Structure formats: structure tokens, C-alpha cells
Protein chains: 4
Amino acid sequence: MPKLTTRSVPAHALPLLDRFRRVRRQTEALAEPLSPEDQTVQSMPDASPTKWHLAHTTWFFETFVLKPRLPHYRAFEPAYEYLFNSYYEAVGPRHPRPQRGLITRPGVGEILAYRRSVTEAMAELIGSNRSEETGLIELGLHHEQQHQELILMDIKHALSLNPLFPAYAPERAPKASGASLGWIDFEGGLVETGHAGEGFAFDNEGPRHRSWVDPFALATRLVTCGEYQAFVDEGGYRRPEFWLSAGWDLVKQRGWQAPLYWHEDGIFTLAGLRPRRAEEPVCHVSFYEAAAYAKWAGKRLPREEEWELAAPDVTSCASMVGANMLDARHLHPVPAHSEGLAQMIGDVWEWTASPYVAYPGFREPPGAIGEYNGKFMANQMVLRGGCAATPRDHIRATYRNFFPPDARWMFGGIRLAEDLR
Amino acid sequence: MPKLTTRSVPAHALPLLDRFRRVRRQTEALAEPLSPEDQTVQSMPDASPTKWHLAHTTWFFETFVLKPRLPHYRAFEPAYEYLFNSYYEAVGPRHPRPQRGLITRPGVGEILAYRRSVTEAMAELIGSNRSEETGLIELGLHHEQQHQELILMDIKHALSLNPLFPAYAPERAPKASGASLGWIDFEGGLVETGHAGEGFAFDNEGPRHRSWVDPFALATRLVTCGEYQAFVDEGGYRRPEFWLSAGWDLVKQRGWQAPLYWHEDGIFTLAGLRPRRAEEPVCHVSFYEAAAYAKWAGKRLPREEEWELAAPDVTSCASMVGANMLDARHLHPVPAHSEGLAQMIGDVWEWTASPYVAYPGFREPPGAIGEYNGKFMANQMVLRGGCAATPRDHIRATYRNFFPPDARWMFGGIRLAEDLR
Amino acid sequence: MPKLTTRSVPAHALPLLDRFRRVRRQTEALAEPLSPEDQTVQSMPDASPTKWHLAHTTWFFETFVLKPRLPHYRAFEPAYEYLFNSYYEAVGPRHPRPQRGLITRPGVGEILAYRRSVTEAMAELIGSNRSEETGLIELGLHHEQQHQELILMDIKHALSLNPLFPAYAPERAPKASGASLGWIDFEGGLVETGHAGEGFAFDNEGPRHRSWVDPFALATRLVTCGEYQAFVDEGGYRRPEFWLSAGWDLVKQRGWQAPLYWHEDGIFTLAGLRPRRAEEPVCHVSFYEAAAYAKWAGKRLPREEEWELAAPDVTSCASMVGANMLDARHLHPVPAHSEGLAQMIGDVWEWTASPYVAYPGFREPPGAIGEYNGKFMANQMVLRGGCAATPRDHIRATYRNFFPPDARWMFGGIRLAEDLR
Amino acid sequence: MPKLTTRSVPAHALPLLDRFRRVRRQTEALAEPLSPEDQTVQSMPDASPTKWHLAHTTWFFETFVLKPRLPHYRAFEPAYEYLFNSYYEAVGPRHPRPQRGLITRPGVGEILAYRRSVTEAMAELIGSNRSEETGLIELGLHHEQQHQELILMDIKHALSLNPLFPAYAPERAPKASGASLGWIDFEGGLVETGHAGEGFAFDNEGPRHRSWVDPFALATRLVTCGEYQAFVDEGGYRRPEFWLSAGWDLVKQRGWQAPLYWHEDGIFTLAGLRPRRAEEPVCHVSFYEAAAYAKWAGKRLPREEEWELAAPDVTSCASMVGANMLDARHLHPVPAHSEGLAQMIGDVWEWTASPYVAYPGFREPPGAIGEYNGKFMANQMVLRGGCAATPRDHIRATYRNFFPPDARWMFGGIRLAEDLR
């Protein structure tokens, strides 16, 4: 199992070159427990092979930083521009996403060589201290951290289809848990949310803007597997009255009867198949399941402004300083205890009731980079808070993740909300 | 072509029984230009046969009013409960929607007999003046008016697939037009929108609630075919930079090159194929096309609160009193002129930038009727303002129509908005 | 229910003009029990609306006889050439088959007018006694007779999807039956089969050719519903060992558990839903089911040469002279008794073990007519003998019907064979 | 590139143990040029990963020989019974075929260990000389040789989808060619074909049986790429008159414009992309394309009896003794010259006009092995003669290969025939 030395300062306080090397190294560490065979497959069109993630994050730096900024830079291999472009229409034609799992060459060895070559060229560029690229490099690092989470999501899905249920890595003993569900009230009013301009944020987190929020309450912790089991036991997957119409159609079409990765009393995790624990947060539910559960429970999902108002200021959150993200990320998420709101950051992503749309005043950045987030603003729901697979120095209170409402392979769970009036 | 005597008082001011008979009669008048063959077919899963609409609106009154309220009421034909249920899971099993066009019996004659029988039973009930059903009957009438518009949408789609391009009814000479595009500014601020509780409204129009609106401007009229043609001519359907990602995928998959019903220089309307006019509002575009056009034009679509702030109070709008909705509804919409904002009500539905979600504080009504609107709150976008096929006494400034972002067969068009800051 | 006067001479002995009028009239008589709504729908891509059959058989005479032979002939409606072409690539573009059920206009009335117009023009041409068209007119009549059977197959399928299970026409009391299954031995040897050149035959029935046939035996009658029920009861649809691999895949994909139109103890027929009788021939099975049944029974299906060797000379078969085909055709087939081989002609089509290929020496006729049969010689299996819906003067011992091995909506049943050695 | 010492005696004359080891070693040699990544992928449902072939052929010996015959044999890994069963329903449940490419573990290394373990257990069993297993072991060896060809077919398809067009192995210089097309006449008559009982043959090659064959002629060599190019140039893929109806539908649906692996003037081979040579046999055509070409050329495809009558007695064919099959198999097939009929054995498989059905008198062997060939006797066409990827001691004049008529990824080509009368 990969291990990195725990550092005593948060990553975002490190000099850029150190952070660059650390993030690059971390991506490779995540691939290390996987064989070349493991790194090659694509288990569904939405997922990608590990080695594609290794290459694509490298392609990003080569395409957006090295090629335009280093006049004499020669592409490591010109065909990679086509093979490892993901969705940037402005950059040129792309290899079709559903066929990523058919590209056996370049193999893992060649892709690691590609990584080394680009990392060194980048390191040299960063060392030369040309300030104008800093923003782009920060973007590239956060982009790569997103793919670190995708590597774990995608390989979990691929391994889950193997009837031998192989493990990515052994599980660490989870902390004990068992807090009862409480509620915390919020007054609401005319509020401001969105990123304020300090520190890195994706374009879709801003601009900071006003909105009116009615009084509401938020559950103190995530819904657990035990609570979700009660929903299943009461016919949750057989009773249309709890479901959005499109969700009910899916329940019937796909034969859903429980969250993804549930097997009788067991659960498939990155450590293989193991017994399910009543007190662990339910995870790998779609938005439709989250909404159906909330309706069954007589509650609702929080809106993203509500969630953000309640979220801690992550960057000053002492309990997270020095967290070694690798220790936990291969595990099925387990709850942490705290006073007040628990688990908002870094346990499981929390589905909100908010469709993913632009904030008032949003403008896409110019150029290919502008394709980054804005063009996905349709048919997706916002999730907040990060999960055990999210790098700790990558998550923020304003961070907006988004997935289609039927997606289940990311680490998505449920926190309840209710109106106070 | 069907004709009803123009009345000098608005329909919603009439006694309930008069309105009931008038709405029922209007539905039948809409079917009159159609042969039994026409009334039988279903051209796609989202559409329904005319005779199904005739029957389903009748089923609604039989199921929700007559059966529960009249102790000795005997169903006209028990099998109709199964055949003409649309999506009410709570009522029982339903005939599969995509197979509605395969049900040749009951034929048009039997369905008209079913209508007469239920209309008479209802008339008797209304005449007996039991006040407690009034709300339900109002709901049934507005439900039937929604299906009046669907009858026209659906038969237009069916006839459009016939290579002979047959007409539903002859076209009336449209009024001349040609206003240039202007902009009206709005200050915004902390506003209230949503239905206030007076007069009929669907559940999804309330509760009235606050929201913060930044300063914005709204175009004085709808986008025209001539303006949209410029977008097409500049490669609108070939340039991904204007499109949401999901929209661009559809452009390629479905080979979209223009709005639905465009044929070279012609346009298919309920009066058959005729030349396209530059000054008529563009219609039968999907949300994706509306959003792509707006991006190409350097603007955006309005949010639904913005639209509602700007909308006239329809019920007091003198120009609409006494409007004979049948005169215009079979036509391809043509623009009306007025000072300030034109065409907001009754020309074409206007796509907004707002996903269809519950307003803060929304609660579904109990029982099967509660399935009416809430369960569709996923993957749909809001449209506002009604169209030429919408009955005039059915539309309101707070009315929220909703369709999936790829739908094009309803009468949906584009009004531009922009930020003022 | 339609009725034609019984005639005392076989149709093929009548003068051409009489036969022409009789066949044309018969097609219309078959449509008479059906409403305009019934005649409009298409229940699956393989089926066609009744009114399309009425028009297409008329199109055939107009296109292949009237237009080329009558210099001053004016098309009844030029667009019909496009609308009612079925698969003749050489004639020009065609309306897509799966959309035939969406064409509501021309309606039934206009199509009957089209029929009358073409019938009269043809009658005039036939009366003028130009001998050169005789072959083509014979072909057109047999083509129309094929569509008579298709009208019944297709409307049976459409009505079967209506949960009210409506009847096409009332059933006549079937004759009693109950013969036990016997076997008749054949020596085989070097034999000749195929059409000999006398009387009408389709191109695919010739040329007459030699083949070697090993000794075999043929069952004296068709497999009954009671016998087939035993196969079902012994797990026939759950045990892969009886099935061809492609058939087993279908059993699972489509959830087949019994022949088409079986409902618990009932059976859907052209007279509606009625109890199933143990002694009636099993019908509406696919080739895969026929082959699986035979394997379960320890037998096999006959090859087409074997079947043809055993078949009676239909044209001299006394029991068939004067048969009024309409009396029986709307019924679910019931067995007739006779000495020796029973039911070979006119009960149900009998699946053979023979793929549909060209006989040695086969050459396609030139021109569009040459597309008639040859181009379907792939992925189809041969059926022999006709069914209760087949016009009696249309069937022959050499007649080769063919359908894909998964097709079930035609009247297809099972006769067993076995090797004698 | 793998190389085996050329032996001076034909493989089938070797002692069983030698042949067993030689075949097992040959399979592994074929995989050696491939990386673990290459060996993992499945490029379409019909294909399988290389490592699956390595495992499945091993599973065959373990399941059908070792487990039933060696009382104390312990399965190498019980889960492999499920993972590496292909289609033997009688053996138990199987892993779904389309998901073979998702099984990353066991990896190549573990599968090679599995092979070694089973090979040694088998060698011990063979050495112990129990005569009763000989037939089963022969079957297992021929089964494995079939998979040797599949390894090459499947990896060629997978590599062809990589835009880098990587090579499996370098090409050897092909022999010169250029014979003009001649015809050889055959008298036909009452003939016998099928396997006579001596030496190994699959069940579907027998029993030997009579049939009548009319006089015919066979082309002296295969159709070349140059000849096929003329068909393409004359609109072969745009003119429906040459095509079977089902074939024409595919041409339109799949956009076929040339054989699989043609690229402009190039051709993708196991040695990568290279220029196409006019005189090489056309290959990777479907049955539909073969039949369309023949119709365009005014000829037809041979029936399988005709082909077999003309085929040389392979086992006595001097030119094949000692042939090192590995030298040629990775190459795109190139023509060999000879007097009379050339290329019948070992160049490309030749599509026949014969659907794949049981010979008269055929009976399936009992048990799971009986599933081997018989259950595929539907919707497939027979091919004869083997190809450059077929082991030489595996092919026979009576050998019947079969594929669906739309399949193109095997090495299938065209020899013309015609009637002599």
C-alpha cells in the first residue's frame, strides 16, 4: 500500500514546486498497487483506465503550459495530443471516450516515462520563476487532484465487476462511531455565498453573490447504512410514492434494490468484500435514491447555499491540518465524531437539492480552459464536501462537485435538511 | 375549422358550470378537423393520440370526482381506468405510454360517448352545488386545458412525419410585424415571486417566496427566425463553443441543423408547409438550442424570477379580454406589437435558464393529486408565458411549464437577457 | 363478418378477369370488419397497417402493369409511388417501413377510392386481352393473396396488444379432432423437387432439381397444444440443452415461456381470448421453439425436400375444391382428419429444418420484379404448406414460405420427422 | 517474434504427448509478442482477451479431462470454472462473454502458472497411457488450435482500433504472385462428402453422406484486392441490386464502404498499416460482401459440397508437410501458386453459399461435449479451407468453419463458382 511521509504543514502553504512534485508523486502512488492489467481496463463509458488518468493529467500540463510557454518544447509523442485529450473541443479532435479501455499501447511503462519527462520539464519551468503561469499550474494541480479521486472511483467500479472481488489495498481499522442524529437550526436571511477571490477556486465557485435563505435545519451527521436499510426494508425500492418520476423509471429499468456495491449483508470496498456496518454512512447512492430516502424520512435534501452557510472554514480547520489523505482514501468512508455538524468535509460527498447552474454574474474564462466547468451546466446535481478519496488540500467549503442524478459510482451520500416554518 | 362564439367576458369570470361545459366543448372542437385515423396515432413516446387525450381528460373527472363523490356512480367501462391513466401511480396500474398508439378500440365514436356520459354526470354534480368539489373541478379543467395544448403539439408532430405535409386547418393571415430589438432594464433587489393564493394556480407555482435578483435587462421581443438564421449561417450547429456539452452531443447524435419543422426555406405548421418569414418568432427549439443561440449572441437566457418580475398581470390585461383562443392556436405563432415588452404572453413559450425545482417551502398536496407536478422536478427546464396554442384563461404570469432540455415539439422560443453590471 | 358466395369451381380455373375481381374483392372483404382506427396502426416494424396492405397491393398493379403498359395512364396520386412501395429498391425511394403506422392520410376512404380506380383500369386492360401481361397479372394476384394472409397476421398481432382483447370476427365451431400420432415411412433416394413449370409458381420454387434423400419418416399430424404443453411443463423454456444457442439467447432476452398468444389456460385468436384446446395444433411458435420441441421429443424437423415428397398434389385434392377460405381463416387453426398424412395443406405453416437458399440453377428474373424473392435468401428458414389464413388457390406443394427463425406472428407450427436408419 | 524449431514430420504423426506439449507451447508462443495490457482487452463482444484464450483452453482440459479422470485432482482455483467457461451450459454458470475484458485478475502471470500446472497434470495423465481419454485429448488439442487462430483474429481487431496502428509482429517478405483467373470444370453427380471416420474430425464434419451435385466450375484462385477494388470503384457499396436485403441494410447501418481493415490505399495487418497490393487475396469481407461481389461478377459462391469435392487431400499434400505455421500466420495472407486450384488450403477462409446445418444423419455426442458444434446451427454460413492463421495440422478438406454472415474479423475471402449448364 502506498505511503507518503506525513507533513506538518498543509500542502497549500508549500512552495509551488514542492506542491507540484508532491501532487504528481501522489498520483503515481495511487497507481502503484495496480497491475498493468488493472490499469488498462475501462469498466463503463463514464469511467477511464488508470493509465489514461496518469497520461491525461500529464497531457494537461504539456498542452496548456509547456507547448504555449516553452518555445522550443518538443512533444513527447505527437499522437498523445489526440489520445489523451478528454473533452476540450477547442484543442482538437479526441479519441472517443468509450474506447479508452481498448488502447493497450502505450503501456504503463511508456506512460510513466511520459509523466517523468513532463514533470521534469514543468519543474524546470517552475524553477525558472516566471510568475505568469502560476494560475495555470495551480489549475493543473487541482485538475490532477480531481483525477486522483477518479482513479479510485473508477478502479473500485472495475474491481467490483470481478466475481473474485479483489482488493485495491487492505483496509485500516475504522474508528468507532454511533452518534445519534441531531439537528442544528439556521436563521437564514439575505446571505452571500460563493468563492470570495482569495486562494485557488474553480471558475464555477464564483462570483460571490447574494441569495435569500429561509430558516432551515441541517442534520448533525450523514445518514447511515442502518438508517438506509430501514428505508429498504419498508419497501423503499418498491413504492413509487417516494420517487421522482425519472428516478422511479430507473429503479425499474435497472432493477435497483439497494445502493451500488451492497451485497446481501456485505459491501464491496476498495479493500474487497466485507460485512456492512450499521453505523457507517451510506454511500454510492444516486441523487434519486438520496431524494427518495429524504421523502420517506419526511425531510428534504439541503440546497447548496444552505450547505455552504453551515460548512466549516476548511482551511482553518485544525483537525485537518496534516491529515494524511492516503491513509483513509482506499477505505469505505466511516464517520468521524465532533460537536455540532459532523462529517461535512471529507467523509462522503453530500447530494444537494440544487441543480448545477451558473451563479449570477458567472462568466466563463476565455480560451480552451473556459470549457472547464461551464459547459456541464445541464442535467447535473451539485454535491458538496468531498469524500475520503478527495485530497484534503483540494476541498473547500465553496467547492461544487456535480454529477448526473443517476450516477452512483462516486462516493455520494446523504445529509437531511428541513424547513423551519 | 372549429369555431366558438366569441364571448365578451373572460372565461374565469363565468359560473363554474358554464366554464366546465365550455372547456369540455373546446376539447372536442379541437379534435373535429381530425379523422379517426388521425386521432389514433402516436408519433413518438412523448406524444399521445388525440383520442387518448379526449379519453384521459374524461378519466380524470371520472376517477377523481365522480367515483369518490357519487356513491352510486357506475364506471362507464371499468377497463378505461387502466387504459387512460397517464402517470398516477397511486391510482393503480397503467397502460404503457409508448403503446398508446396501438389501442384502436375503443374508437373515436366510443370515446365521444364516454365523454358525453361523464360530462353529463359532472354537470349534474356541479348543478347540485356541493361546494367541496370546486377546487378539484377547477384542477380538472386546467388539466384539460393543458391537454388542449398537447392535442395541437402532438398532432402537429404526427402530421409533420407524413411526406404529404397535410394541414390541420387553414392558416389565418398573420398580422404584420418587424419591431427592432430593444432592451428594458430592471433593478432587481430582494423580490417576491410565486403565486399569492388568489385565483387558481397549480401547486408548483407556490408558495410565494423571496429571492435576491441582481440588476438585469430583458429583450423587448422574442428572437426571430431571421435572427436565428444568422446563427445557423455562422455555423451555429457546427461550432461546439456555443453549446452545453450535453447539447453538443445531441447535435451530433441527432444531426440537428435547424429548429424542428424547418425545411430549407419553408416551415411546417398546423396549416401545412409554407415559406418561413424572417420576422416571425423562432419556435420549436430545444433548451440547448436556446442556450447556444444566447451564447452566440453574447447574452443569456432569463432566470424564471426575472421573467416573472417583468411579466404583465395577465388577468387585468385588457388586450386579452375576450380573445378567441381558437382563432390563433392552429397557426404558427406570429408576433404581436406593443410598447415595452412584447410577446410575453401567448406567442411562444420562453425557455428560462432555471431548472425546474420546488420553490422554498413547497409541499406536495396529499393523495394521488399530489403526484401532479412535484415528481417531475428533475432534468427539466422551466418555460414561461404560454403560446398561441395555450388557452388564454389558462395562462398566468406565475405559470411554470417544464420540459426536458432536448424537447422541441412544444412551441418553445427564445427571449434574451443580460446582466447589468 | 365478411362472406363470399361459395363457388363450385376452383378459382384458378376461372377466366383471368373473374379471378382478378375475385381476389381484389376478397382483400376488401378482409378489411371490412375493421374500423378506420384498426386499419391505421402498425404494431411492430415487421407488420403493416391494413390500409397500407390495401394500398400497396394496388400500387403493385399500378406500378408494374398500368404505368408501363398504358401509355396515357395518369397516376392516381404521384406521392403514392413513394408511400406504398415496400422494398423494391429498383423502383425508387420508399417510405420507411417502421413508420407506416404514422401515415394517417390518405385515410381508408381515399385508399378504397384508389383501389377502385386501379381495379377498373386493370379490368379494362385485362378485357382488352393483351396476352403479354398475363404473367405479370398472375404474379400481382398471388402477391395480393400473400398480403391477404399478412392482413390477418398483422391485425391479429395489433389486436393482441389491446388489453381488452377485441375480436376480429366471431369464431365458427371447430370440427372435433383427436387423432393419435402415427408415422409414415419414406424410402427417399435420388429425387426431384421444385416447381415443374406448369401453372403459376414464384421464381424461388424452381428450377426443378435433383437431390438425394435418405430414408425418413414423417409424423401423420401436427404437434398439438397438449403435446407442446408437456414440453413446457417439463421445463422446456428453462433447459438450455434443447435449444440452439441463438434460440436460448432469445428465450432469456425476451422472456419467452410459451408460444405467442398463450395466456395461462387461454389463447388469443382472431375471435378474441378463449380457452386453449389440447387437441388443436400448436401455432405461433418460432423456428427456435419448433427445433427445441423436436429435440426434446427425440426427433427433428423435416427438410423441405422431405416435406415436398410427402405433400399431396394440392390442385387435384378433391377435399379442397370449392373450399370457402373465408369461413375458416379467422379461426385459430383446428385439425382436419384424413387417412395418412393430415394437415399438410392449409392448417398451419410447418417449419422445416431448411434455411431458405436458392435451388441449384436458380436465376433471378430481370428487372424490379427480380427483387421479389431472391434477395431475402439469408437468415430465413423455409415453412411449407400454408395455413387457415392462406387462400386455397394460392398454396401449392412446391410453395416456399420463409421467415426469420425468431418470427412468431405468422401461423407457424410443427410436424416431426425422423431418420430411418 | 516467436519461433519454433521446424520439424520434419507432420504434427499428427507425432506421439500424443509430443503433440500435446507442442500445441500448448504454440499457444504461449503466440501470446509472447503481447504485453500484459494487450492481453487484457476485449475489443468487441465477439472477441476475447488473449489471456482469456490462454486460460479457457486450459480450463477445457481441467474440466473435461482432469476433474473427471483424476480422482484426487484439486482444481487450481475453483473460481476459474466460472470465469473461463465459454458457452457450455451443461457445465454450470458462466461469466458473461461481453465482460471478459473487465477481468484484470488473474493477470497474465497467474494464468501462465495455471497453464503450467494443468499442462503438467495432463502430461502425467497422458504418460500413464490410459487409452480411454485419447479422443477427448485430441478434441482438446483441436479446440486449443481453434483458439490459436482466435488469438490472432482477436488481437488484430483490438490493435486495429488503436490510432497508432501498432504491429503484433514484423511482416515477412511475401512471395511474388499474379496468376490470372482460370476455371476448372467439375461433372458433379451423386457424390459423397463429409468425414469418413479415419483420423480426427469434429462431430459436425460427419456423417459421410450422399448428395447430388450438378455440373459446376470453380475459379482457380481467390478474388484479389485489385479485383475487389474494381467492384468498389463501380459503386459496389452504393448499388442495392448486388446485395441480399439483410446485407444492404447493414451496408447502410454500418456505413461499410470497403472490407474491414482497408484504409485508403493501405491495409491494416498484424504487422501494422502498410500499402495494399493488388494481387493479394481480398480478406476480411463478410458473407454479404462476398455474395454481392459474386453477383456483381455474374457468378456465385460455391456450395460446400462443391468445394469439398474440389479440395485436395490435405493430409497427403506434400507441400504442407513440415510447414512451420508460425512463419506465416501473423502476416496478411498472400497467395501461393500451384497448378490447377490454388490457395484452397491455408490462405484465407472461403465463404460458401451454404448455411451451416447438420448433415443428414447427424447426431450430437452425449454430454457437455455435445454442445460443441451442433447448437450453433442457425444463422451462420460455412467457410472452408483455413487461413494463414490456422495451424496446418488442424485443417482438413472436410473442416467446416462457420460464422454469422455479417462477421468480418476472421480471415474470410472469396472464391467464385458458376453453373455449367
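Scroll up to find the structure this text is about.
So, how was this worked out
Residues numbered from 1 in each chain as written. Chains lettered and ligands numbered in written order. Predicted model: local features only at pLDDT ≥ 70, side-chain atom pairs only at ≥ 80, totals over all residues. Heavy atoms only, no water. Least-squares fit on C-alpha atoms with pLDDT ≥ 70 in both. Contact = heavy atoms within 4.5 Å. Buried area = accessible area lost by both parts, 1.4 Å probe. Salt bridge = Lys/Arg side-chain N within 4 Å of Asp/Glu carboxyl O. Helix = DSSP H or I, 4+ residues; strand = E, 2+ residues; numbered from the N terminus. Nonpolar A, V, L, I, M, F, W, Y, C, P; charged D, E, K, R; others polar. Pairing = 2+ DSSP bridges. Axes fitted to C-alpha atoms, helices over the stretch in contact; angles between N-to-C directions. Buried < 20%, exposed > 50% of the residue type's maximum accessible area, 1.4 Å probe, protein only.

A. How the structure looks around the relation of the copies chain B and chain A. Each copy superposes on the other: chain B lies on chain A with an RMSD of 0.0 Å after a rotation of 180° and an axial shift of 0.0 Å. One copy is carried onto the other by what is essentially a two-fold rotation axis. Mapped onto chain A, 100% of the interface residues of chain B again fall at the interface, so both copies present the same surface.

B. The interface of chain D and chain A, seen in detail. Opposite the 30 residues of chain D that make contact, chain A presents 30 residues. The junction of chain D with chain A conceals about 2,300 Å² of combined surface from both sides, 61% of it contributed by carbon and sulfur atoms. It is D:Glu37, D:Leu102 and D:Arg105 that lose the most area in chain D upon contact with chain A, and together they represent 32% of the buried surface on that side. Counting across the interface, chain D meets chain A through 2 salt bridges.

C. Highlighting the interface of chain B and chain A. Each side of the interface is counted separately: chain B has 35 residues, and chain A has 35 residues. Carbon and sulfur atoms make up 54% of the area that chain B and chain A hide from each other, which totals about 2,500 Å². Remark: the boundary between chain B and chain A carries 2 salt bridges. Of all the secondary structure elements, the ones that give two or more residues to the side of chain B that touches chain A are strand 3 (209–213), helix 8 (245–254), helix 9 (287–296) and strand 8 (349–355) of chain B. Of the residues assigned to the side of chain B that touches chain A, the class counts are 18 nonpolar, 5 polar and 12 charged.

D. Representation of the sheet that holds strand 4 (residues 216–219) of chain B. All names here are of chain B. The strand order 1-4-12 describes an open sheet built from 3 strands, whose pairing is antiparallel. The open sheet is flanked by strand 1 (183–186) and strand 12 (417–419), the only strands paired with a single partner. Taking the axes of each pair of neighbouring strands and ignoring which way they run, one obtains an average angle of 25° across the sheet.

E. How the structure looks around the pattern of salt bridges. All names here are of chain A. On inspection of all chains with the given rule, the structure shows 96 salt bridges over all chains. Note that Arg396 and Glu205 form a salt bridge whose closest N and O atoms lie 2.6 Å from each other. Of this pair, Arg396 sits in the loop between strand 9 (381–384) and strand 10 (401–403) while Glu205 sits in the loop between strand 2 (189–193) and strand 3 (209–213); the two residues are 191 residues apart in sequence, bridging distant segments of the chain. Residue Arg396 shares its accessibility class with Glu205, and that shared class is buried. In this structure, Glu418 engages Lys299 in a salt bridge whose closest nitrogen and oxygen atoms are separated by 2.8 Å. Highlighted residues: Glu418 in strand 12 (residues 417–419) and Lys299 in the loop between helix 9 (287–296) and helix 10 (304–310), separated in sequence by 119 residues. The network of salt bridges with common partners includes Arg24, Glu28, Arg115 and Glu144.

These results come straight from atomic positions and should not be treated as a statement about function.
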